[in-house]
Every structure is written in structure tokens, then in C-alpha cells.
Amino acid sequence: MSRTKTAETIENVEFPSFDASKATDQIRAFAEKGVEQSKEAYAKLKTGAEETQKALESTYESAKTISSDLSLKTIAALRANAEAGFSHLEALIGAKSLSEVVELQTAFLRKRVEMTVEQAKEFQTVASKAAEDVSKPIKTVFEKAMKDIKAA
């Protein structure tokens, strides 16, 4: 009796038929979706690369300009130091007594310290501005990229 029931059950079971056209449509839809996502990813990558290139070019130009400014400041400082040194030497040569030499030397050293402090402040200001100007384009691109990543 159990064989008869098994045979009847097997005869009554229907297996789903495989429709190749539906499978093809699903595969095509999957492939098209993959292609679309790849195009979107490429577009984002291309945009990011272009923005990065512009930022690097801007950074390079800023660095070049700032380097030129620093060079000019350095040359001006060296010139001022040399002129001060020669002026002091002329004053020492014209001194008539040892006390005048000591007085000239003391005044010269005081001026040199003041000038050095002022030059250091100028260089610090230029260097701070340089760091800010050079890093600004890269920082902007990085922040935009991080914002885009968070949005995605």
C-alpha cells in the first residue's frame, strides 16, 4: 500500500518549468544594472581625479609664488644685514676712543637683536600664510571627497 501512495504522490507533484526567456531577461537586467553602476562609478572617479588635478596645480602655483616671496624676503633680509654690518664697520673705523667703540658696539648689537626678531616675525607670517595657501586647495578637495563618501 505504501508503494501505491508513493506512486500516486509522485504523479501528482508538479515541478516548476524552467523558462529560459525569463532567465535571460533577468541576466540582461542584472548586466545592465552593473554597467550603469560602473558608468556612475567611473564618472565619479573621473570627476574626483579632475578636481584633484586642479587642486594639485593650484597648490603647485601657490607653492611657486610663496617660494618666490620667501626668496625675496630672504634676499632683502640679507641685504639689510650686510648694509647694517658695513655701516657699523664704518662707524667703528671713525671712532676716536675705546668708549665710543664700546658704545657703538652695544648700540649695534641691540639693533641687530631687534632686527633679527622683526625678520623672524616676518618670516613666520609668510611661512604661516604659505602653509595655509598651499594646503587650502588640497584640504578643500579632501573635505569634498569625504562628504561625497559619507553621502554614498
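Residues numbered from 1 in each chain as written. Predicted model: local features only at pLDDT ≥ 70, side-chain atom pairs only at ≥ 80, totals over all residues. Heavy atoms only, no water.

K.L.:
Can you break down the overall build of the protein residue by residue, with the values?
P.N.:
Helices and strands together make up the secondary structure of the protein, namely three helices and zero strands. Counting only residues that meet the buried cut, the protein has 11% of its 152 residues in that class. Sequence-distant contacts, at least 24 apart, represent 77% of the contacts inside the protein between residues at least 6 apart. (Helix = DSSP H or I, 4+ residues; strand = E, 2+ residues; numbered from the N terminus. Buried < 20%, exposed > 50% of the residue type's maximum accessible area, 1.4 Å probe, protein only. Contact = heavy atoms within 4.5 Å.)

K.L.:
Residues and numbers for the pattern of salt bridges, please.
P.N.:
Between side chains of opposite charge, a pair can form when the charged atoms approach closely. This structure, assessed with the given rule, holds three salt bridges. Between Arg28 and Asp25 there is a salt bridge, with the nearest N and O atoms lying 3.5 Å from each other. Separated by three residues within a single helix, Arg28 and Asp25 lie in helix α2 (residues 20-93), roughly one turn from each other. Overall, Arg28 belongs to the partly exposed group, its relative accessible area being 44%. Residue Asp25 is classed as partly exposed on the basis of its relative accessible area of 46%. Residue Glu51 pairs with Lys144 through a salt bridge whose shortest N-O separation is 3.5 Å. (Salt bridge = Lys/Arg side-chain N within 4 Å of Asp/Glu carboxyl O.)

K.L.:
Describe the layout of surface pockets, with residues and values.
P.N.:
Each pocket or cavity is described by its volume, and for the largest pocket that value is around 240 Å³. Around the largest pocket, the lining is made up of eleven residues, and of these Lys44, Gly48, Lys144, Ala145 and Asp148 lie nearest the centre. Secondary-structure elements contributing two or more residues to the lining of the largest pocket are α2 and α3 (98-151). Across the lining of the largest pocket, the residue classes break down as four nonpolar, three polar and four charged. Space inside the second largest pocket adds up to approximately 150 Å³. Lining the second largest pocket are Lys73, Ala76, Ala77, Ala80, Met115, Glu118, Gln119, Glu122 and Phe123. Put simply, the parts of the chain that give the lining of the second largest pocket at least two residues each are α2 and α3. (1 Å grid on protein atoms, 1.4 Å probe; cavity = no way out; pocket = protein on both sides within 12 Å on 5 of 7 lines; lining within 4 Å. Points joined across faces, edges and corners; volume = space filled by probe spheres on them. Nonpolar A, V, L, I, M, F, W, Y, C, P; charged D, E, K, R; others polar.)

K.L.:
Could you give me a rundown of the confidence of the model for the protein, with the residues and numbers involved?
P.N.:
When pLDDT drops low, the exact placement of atoms in the prediction is not to be read closely. Mean pLDDT over the protein: 83, with 86% of residues reaching 70 or higher. Here helix α1 (residues 2-12) is the element of the protein with the lowest mean pLDDT, 57, and α3 is the one with the highest, 87. (pLDDT = per-residue confidence, 0-100.)

K.L.:
Before we move on, can you summarise α3 with the specific residues and values?
P.N.:
With 54 residues, α3 ought to run about 80 Å at 1.5 Å a step, and its terminal C-alpha atoms sit 77 Å apart, in line with that. Lys136 marks where α3 bends most, by close to 40 degrees; the proline Pro137 follows one to four residues later. Taken together, the buried positions of α3 are occupied by Phe108, Arg112, Gln119, Val126, Ala130, Pro137 and Val141. (Expected span 1.5 Å × (residues − 1). Bend = angle between axes of the 7 residues up to and from the residue.)

K.L.:
Before we move on, could you go through the side chain of His88 and cite the residues and values that matter?
P.N.:
In this structure, His88 sits in helix α2. On the basis of relative accessibility, which here comes to 10%, the residue His88 falls in the buried class. A polar contact is formed between the side chain of His88 and the side chain of Gln105, at a distance of 2.7 Å. Once you skip the residues sitting within four places of it in the chain, His88 turns out to touch Leu104, Gln105 and Phe108. (Polar contact = N/O pair within 3.5 Å; in protein donor to acceptor, adjacent residues only side chain to side chain.)

K.L.:
Help me get a handle on a nonpolar patch on the surface, residues and values and all.
P.N.:
On the surface, Phe86, Leu89 and Ile93 cluster together into a nonpolar patch covering about 360 Å² of accessible area. Relative to the helices and strands, Leu89 resides in helix α2. (Patch = residues over 30% accessible without salt bridge, like charges linked within 9 Å, V, L, I, M, F, W, Y side chains within 5 Å. Areas by Shrake-Rupley, 256 points an atom, 1.4 Å probe, with all protein chains shown as cover.)

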